[in-house]
Amino acid sequence: MASKKREIQLQAVINNQSLWDEMLQNKGLTVIDVYQAWCGPCKAMQTLFRKLKNEVNEDEILHFAVAEADSIVTLQPFRDKCEPVFLFSINGKIVAKIKGANAPLVNQKIITLINEERKIAAGEMVRPQYHEVAFADSDAEDAGEAAYESVEQVYSIVIIKPDAVVASKVLEIKDKIINAQFVIEAEDKRLLTEEQVKYFYSQLADQPDFEDFVSFMTSGLSYILVISQGKEQQPPWDKSDPNSEAEPKEPWDDQQETARATGMKQKLESLQEYLERQNISQFCDVEENITNTKFIDVFFPDLKRMKSIKVEKILALLRPALFHERKEAVLNIIEDEGFKILMQRQIVLSREEAETLCKEHENKDYFESLIENMTSGPSLALVLLRENGLRHWRQLIGPSTVKEAEEYFPQRVCYHFYT
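Our subject in this report is the structure included herewith. Since this is a predicted model, take the numbers as computed values, not measurements. (Residues numbered from 1 in each chain as written. Predicted model: local features only at pLDDT ≥ 70, side-chain atom pairs only at ≥ 80, totals over all residues. Heavy atoms only, no water.)

Remarks on the overall build of the protein
The helix and strand tally for the protein stands at 18 helices and 12 strands. In the protein, which comprises 419 residues, the share counted as buried stands at 43%. Taken as a whole, the protein presents about 23200 Å² of accessible surface, with 50% of it coming from carbon and sulfur. (Helix = DSSP H or I, 4+ residues; strand = E, 2+ residues; numbered from the N terminus. Buried < 20%, exposed > 50% of the residue type's maximum accessible area, 1.4 Å probe, protein only. Areas by Shrake-Rupley, 256 points an atom, 1.4 Å probe, with all protein chains shown as cover.)

Here's what the structure looks like:
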């Protein structure tokens, strides 16, 4: 009897429409196990739920419930199905659904939503505009999902191992991936759980030292990347000598377009092949050609929502004087304004490159002194990422001319132009 009592305390029992409506009044996150009367709730997940209840629910914002589909009108589309379904309700709004007893995926979704709720409560973020999950007919929904997956983009997942993170190899690996025209769709630095490691490396489970490997992979922070293939793979900037310490030449956008127009192409190669050729495959593991979104959801459950937000990449350049005098201060300002620095590289511009960048000023009296300044020493090239990045960047750097400064910002004494 004691065991049964604990189960009821862990998950509220919802077996009619009135209790369902009452449950939707919960504040915070409610995880709902939708079950059929003939098979009962999913007992396999109760250990995970109890663990989360004990570990992350000190502020009482996490709730669990079991809901009988046969007795609740709202859940009619889930009747007569043998696969468990887990619904996630935030303040009465169903914001996510997971089909199947996928413990790593359910665990990750709960942790993500709880962390968001805490940040919202602390005033650190604005509540996302969740799209409420519609309870369509399950068979029709499955057909729709199959049609959607048929045109789903193919991804690869890269896990940079803990020892490579400690050895500061992350930027080098990301740099080479981007140089080869692969696209980093999402990234995160985190301590992997045993469930995530075993899920990703399931093909190695029969190896005698697998448990030792799992211990190693959970011993420190790893870096996880979701990669997609760019529209057209171009030769990497550093293809000639990957170990060279000479200053790399940066191809700007107009040069890349010219190269495409003249047909400069190379045979497409897989991400794994490319990393092996660059002698960095020992620092990371790759799972390629992923079309199963559930696999990606284990690490990035909100990837589709993240991709729906207008996130823009900005190429910025800190001029030599600013780079020499105020590099750290400027980088701190950029990060404080919500930009993520994806890449940074020290470069020395040639006169031709400087003239190309400053072409709009070529008829000005100060053009020659500007070119001398731009080529006087190392600059810092930055690739920045932010929602509505271009608009926020223009607001951050301020007016681009003295006339605009005097007209719109007369209170400012001086301005620093970063690009």
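Section: helix 3 (residues 46-56)
Along helix 3, the residues that are buried comprise Gln46, Leu48, Phe49, Leu52 and Val56. Along helix 3, the residues classed as buried sweep out an arc of 155 degrees about the axis, all on the same side. Helix 3 presents Thr47 and Asn54 as exposed residues on the side facing more than 90 degrees away from its buried surface. (Arc of directions from axis to C-beta.)

With respect to the nonpolar core
Residues Phe49, Phe88 and Ile110 are the most contacted members of the largest nonpolar core, which totals 41 residues. The leading source of residues in this core is helix 4 (residues 103-121), at five residues. One finds Tyr223, Leu225, Ile280 and Phe283 within the second-largest nonpolar core, a separate group that totals 20 residues. (Core = buried A, V, L, I, M, F, W, Y, C linked by side-chain atoms within 4.5 Å.)

Digging into the sheet that holds strand 3 (residues 62-68)
Across the sheet, which stays open at both edges, the five strands sit in the order 1-3-2-4-5 with mixed pairing between neighbours. Pairing within the sheet leaves two strands with one partner each, and these edge strands are strand 1 (12-14) and strand 5 (93-99). With strand direction ignored, the average angle separating the axes of adjacent strands in the sheet is 25 degrees. With seven bridges connecting them, strand 2 (residues 29-35) and strand 3 associate as parallel partners. Within the sheet, the bridge partner assigned to valine 34 lies in strand 3 and is alanine 67. Across the sheet, helix 3 touches strand 2, strand 3 and strand 4 (85-90), and the angle it forms with strand 3 is around 155 degrees. (Pairing = 2+ DSSP bridges. Axes fitted to C-alpha atoms, helices over the stretch in contact; angles between N-to-C directions. Contact = heavy atoms within 4.5 Å.)

As for helix 14 (residues 320-336)
With 17 residues, helix 14 extends 22 Å between its outermost C-alpha atoms, agreeing within 8% with the 24 Å of an ideal straight helix rising 1.5 Å per residue. The sharpest bend along helix 14 measures roughly 95 degrees and falls at arginine 326. Those residues of helix 14 not exposed but buried are Pro320, Leu322, Phe323, Val330, Leu331 and Ile334. A positive phi of about 95 degrees marks glycine 338, the residue just after helix 14. (Expected span 1.5 Å × (residues − 1). Bend = angle between axes of the 7 residues up to and from the residue.)

A few points about the sheet that holds strand 6 (residues 155-160)
For sheets, the rule is that strands pair by backbone hydrogen bonds, running either parallel or antiparallel. Judged by pairing direction, the sheet is antiparallel, and its four strands sit side by side in the order 7-8-6-9 without closing on themselves. Two strands lie at the open edges of the sheet, namely strand 7 (182-190) and strand 9 (284-290), each paired on one side alone. Recorded for the sheet is a direction-independent mean angle of 15 degrees between the axes of neighbouring strands. Of the pairings in the sheet, the one linking strand 6 to strand 9 comprises five bridges and is antiparallel in character. Residue isoleucine 159 lies in a different strand from strand 9, and its bridge partner there is aspartate 285. Where helix 7 (residues 170-179) meets the sheet, its contacts fall on strand 6, strand 7 and strand 8 (222-229), and the angle it forms with strand 7 comes to roughly 160 degrees.

Regarding the side chain of serine 156
Tracing the sequence through the fold places serine 156 in strand 6. Non-local contacts of serine 156, meaning those with residues more than four positions away in its chain, are made with Leu225, Val226, Ile227, Leu271, Val286, Glu287, Glu288, Asn289 and Ile290.

Section: the packing of helix 3 against helix 4
Running from amino to carboxyl end, helix 3 crosses helix 4 at an angle of 25 degrees, the nearest separation of the two axes being 11 Å. With respect to their mutual orientation, helix 3 and helix 4 come out roughly parallel. Seen along the crossing, helix 3 lies across helix 4 with a hand that is right-handed. Contact residues: Leu48, Phe49, Leu52 and Val56 in helix 3; Ala103, Val106, Asn107, Ile110, Ile111, Ile114 and Arg118 in helix 4. (Parallel < 35°, antiparallel > 145°, perpendicular 65-115°, else oblique. Left-handed = near helix turned anticlockwise from the far one by under 90°.)

Considerations on the packing of aromatic side chains
For the structure on display, the rule yields eight aromatic pairs. On the basis of an interplanar angle of 75 degrees and a centroid distance of 4.8 Å, the ring pair of phenylalanine 200 and tyrosine 201 is categorised as edge-to-face. In textbook terms, an aromatic cluster arises when at least three aromatic residues are bridged by ring pairs, as seen for Phe200, Tyr201, Phe213, Phe216 and Phe299. (Phe/Tyr/Trp six-rings, centres within 6.5 Å; stacked < 30°, edge-to-face > 60°.)

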